[in-house]
Every structure is written in C-alpha cells, then in structure tokens.
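As a plain string of letters, each chain reads:
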Amino acid sequence: MAKIPTYSSKFTPRATFTKPVPVKGVVENINKIANYANTIADTQTEISAYEKGFKQQQKSKSFVASDDSFSIASQSYRKGAQAAYVGNFKTRAENEINEYANEHQYEPEQYKKKFDVYKTKALSDVPSSLLPDLTNWMNTIGNRVNRTVTSNKLNYDLKQQVADIEQRYDVLLPQLSSSIKNEGYDTNASINFYAEIISTIKGLEEQNVNPSSVLKLKKNLRNEIITSSLINEFNNSDDKQAFILKVKEGKVSDILEDVNDTFKVEGFETGQNLTTTESIKFANQLNTLLRADIATSKVER
C-alpha cells in the first residue's frame with residue numbers, strides 16, 4: 001500500500017499583532033484641538049453668563065450677583081452684574097450731582113451740603129465688594145464739581161467787585177470834571193475826586209482786570225482832566241478867541257505842565273503836550289462853548 005506523504009511544518013505559532021503607537025506630533029495636535037474646543041466653550045459660557053448678569057442687573061434696583069461661587073459661569077455673571085450696577089450707579093449719581101451744581105452754581109456751601117447727604121444715601125445700598133471703588137469715585141467727582149462751583153463763585157464775586165468799581169468810577173468822573181471846570185484843577189475838591197478815581201483804577205489792576213479795559217479808563221480820565229482844565233482856563237481868559245487859537249496851535253504847554261504836575265502819580269500822567277489831532281479837537285470844543293456863550297449874550301464878541 002502506497003504511503004501518502006504528509007507535510008509537517010516546523011513553524012511555531014506566536015502572536016504577531018503590535019499595538020499601533022501614534023506619532024508624537026499627532027498627539028500634540030489632538031491635545032491642542034481639545035484645549036481649543038474647551039476654551040471656546042468656556043468663552044461662550046463667560047459671554048453668556050456676563051450678558052445674563054448685565055441684563056438682569058439693569059432690570060433690578062438691588063444687586064443681583066450675591067453668589068460667591070468660583071465657577072466660570074458664576075464669576076462671569078457676577079462681572080456682568082457688577083458692570084451694569086456700576087454703570088447705573090454712576091449715571092444716576094452724575095445726573096444728581098450736576099443738578100446740585102446747576103442749582104447752586106455760585107453757592108459752594110449749599111452744593112457741598114446736598115452732595116454729602118446724597119453721597120451717604122447713595123453708598124448705603126452699595127454691595128461691600130463695590131463699596132471701596134464707588135466711594136473713591138464719589139469723592140473724586142464730588143470734589144471736582146465742588147472746585148468748579150467754588151471757581152464760579154470766585155469769578156462771580158470778582159465780576160461784581162469790578163462792576164462796583166466801574167460804577168463808582170462813572171460817578172466820580174463827572175464830579176471831577178465839574179470841580180475842575182468851576183473851581184480849577186489845583187483845589188482840594190478836585191484833587192480828592194481824582195485821588196478816589198485813581199484808587200478805583202488801582203483796584204481794577206489788583207483784580208487783574210483786562211489791561212485794555214484799564215487803559216481805556218485811564219485815557220478817559222486823562223481826556224476829561226485836560227478838557228476840563230482848558231475849559232477852566234478858557235472861562236477865565238480875557239480874550240477867548242486868542243485862547244482858542246493857542247489851543248489849536250498846541251501852545252498850551254505851560255498849562256499842561258502844571259496840570260501834569262498836579263495829577264501825576266505812578267502809572268498815570270496827563271502829559272505836557274497835545275497831538276495835532278488833540279489840539280484841533282479841544283479847540284473845536286472851546287469854539288462850541290464860545291458860540292453858545294455868544295448866543296446867550298453872556299460874553300461880548
């Protein structure tokens with residue numbers, strides 16, 4: 001009987017599967033993607049919670065975020081509520097404080113009293129977590145507005161003082177003019193009126209009034225003194241037409257020197273000469289007086 005050959009393998013069976021090991025870079029990318037996804041989720045949670053806290057706080061008069069939880073949502077909700085609360089608080093406070101400032105814009109004491117009362121009341125309901133910052137803010141804005149009101153008061157007082165001084169000047173100048181015309185420039189009355197006028201001008205300078213305004217007053221004073229002095233000399237002149245001619249030609253230096261010596265003080269003098277324009281102007285004024293005298297038959301031609 002034929003023997004059937006058989007195949008006997010010498011191979012020994014063993015496990016050949018090897019667990020795949022990911023490449024290092026692939027692992028890092030997967031972690032980054034996961035972290036990024038988590039960050040997006042956290043950010044969305046923060047935004048949503050912040051908006052919710054902000055909106056709910058705007059609808060409420062009392063502070064809504066009293067939860068001290070440290071979760072992302074709770075912290076974001078609290079931040080949103082705080083932002084809304086602080087915003088509303090500052091808006092109300094600014095409106096109230098500005099109203100006090102307008103009502104008492106020249107009365108710093110009255111403004112301060114109302115501000116202090118409002119500050120105490122407004123801060124009494126502020127959450128303890130916000131109290132330090134809002135107290136500091138209230139003090140800052142209150143002091144700033146108080147400085148403005150105080151400045152308004154000082155400016156108002158200064159303007160009032162200036163107005164009083166200018167009013168006094170307007171009263172004294174005609175009196176000085178009348179005294180010089182009727183009695184002469186070198187008299188006690190004229191000098192006393194002049195001294196008080198100079199005092200008012202000095203007062204304006206001390207108050208730092210616009211220099212151009214002070215200069216205008218000095219020019220008016222000089223013009224009034226010279227005009228009145230020439231009129232006094234004209235009235236006492238025997239030949240009035242000859243005197244007018246002297247004035248027109250500017251030949252009155254002797255009179256002007258005496259007037260200047262009488263009224264000259266630091267920062268003011270009338271001068272010893274007339275300009276051509278001034279000579280003509282004063283001569284015309286005297287001519288007008290002469291014609292008036294002739295018309296009323298007080299002076300012979």
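Computed from a predicted model, the values in this text were never measured in an experiment.

Draft legend 1. Just the nonpolar core, in detail. In terms of nonpolar packing, the biggest core is built from 36 residues, with Tyr194, Ile197, Leu221, Ile225 and Val247 touching the most fellow members. Of all the secondary structure elements, the ones that give two or more residues to this core are α4 (131-183), α5 (188-206), α6 (211-235), α7 (240-248), α8 (253-263) and α9 (276-295). Among the elements that line this core, the one with the most residues is α6, at eight residues. Sequence-distant contacts of Ile197, that is, excluding residues within four places in its chain, are made with Tyr169, Leu172, Leu173, Leu176 and Leu221. Of all hydrophobic cores here, the second largest spans 19 residues; its members include Ala93, Ala122, Val126 and Val149.

Draft legend 2. Summary view of α5. Here α5 spans 27 Å end to end across 19 residues, near enough to the 27 Å set by a 1.5 Å rise per residue. All of the buried residues in α5 are Ser190, Tyr194, Ile197, Ile198, Thr200, Ile201, Gly203 and Leu204. Contacts made by the buried residues of α5 are with α4, α6 and α8. Positive backbone phi, at 60°, marks Asn208, one or two positions downstream of α5.

Draft legend 3. Up close: unusual backbone geometry. With phi around 60°, Asn208 is a residue other than glycine that occupies positive phi space. As for its position among the elements, Asn208 is in the loop between α5 and α6.

Draft legend 4. Region of interest: the packing of α6 against α9. Viewed as axis vectors pointing N to C, α6 and α9 meet at an angle of 45°, and their least axial separation amounts to 11 Å. By the angle between their axes, α6 is oblique relative to α9. Of the two possible hands of crossing, α6 and α9 adopt the one that is right-handed. Side by side, α6 and α9 meet where Arg222, Asn223, Ile226, Thr227, Leu230, Ile231 and Phe234 of the first sit next to Glu278, Lys281, Phe282, Gln285, Leu286, Leu289, Leu290 and Asp293 of the second. Looking at the contact of α6 with α9 residue by residue, the class counts come to eight nonpolar, three polar and four charged.

Conventions used here
- Residues numbered from 1 in each chain as written.
- Predicted model: local features only at pLDDT ≥ 70, side-chain atom pairs only at ≥ 80, totals over all residues.
- Heavy atoms only, no water.
- Core = buried A, V, L, I, M, F, W, Y, C linked by side-chain atoms within 4.5 Å.
- Buried < 20%, exposed > 50% of the residue type's maximum accessible area, 1.4 Å probe, protein only.
- Helix = DSSP H or I, 4+ residues; strand = E, 2+ residues; numbered from the N terminus.
- Contact = heavy atoms within 4.5 Å.
- Expected span 1.5 Å × (residues − 1).
- Axes fitted to C-alpha atoms, helices over the stretch in contact; angles between N-to-C directions.
- Parallel < 35°, antiparallel > 145°, perpendicular 65-115°, else oblique.
- Left-handed = near helix turned anticlockwise from the far one by under 90°.
- Nonpolar A, V, L, I, M, F, W, Y, C, P; charged D, E, K, R; others polar.

Treat this as a map of the structure, not an account of what it does.
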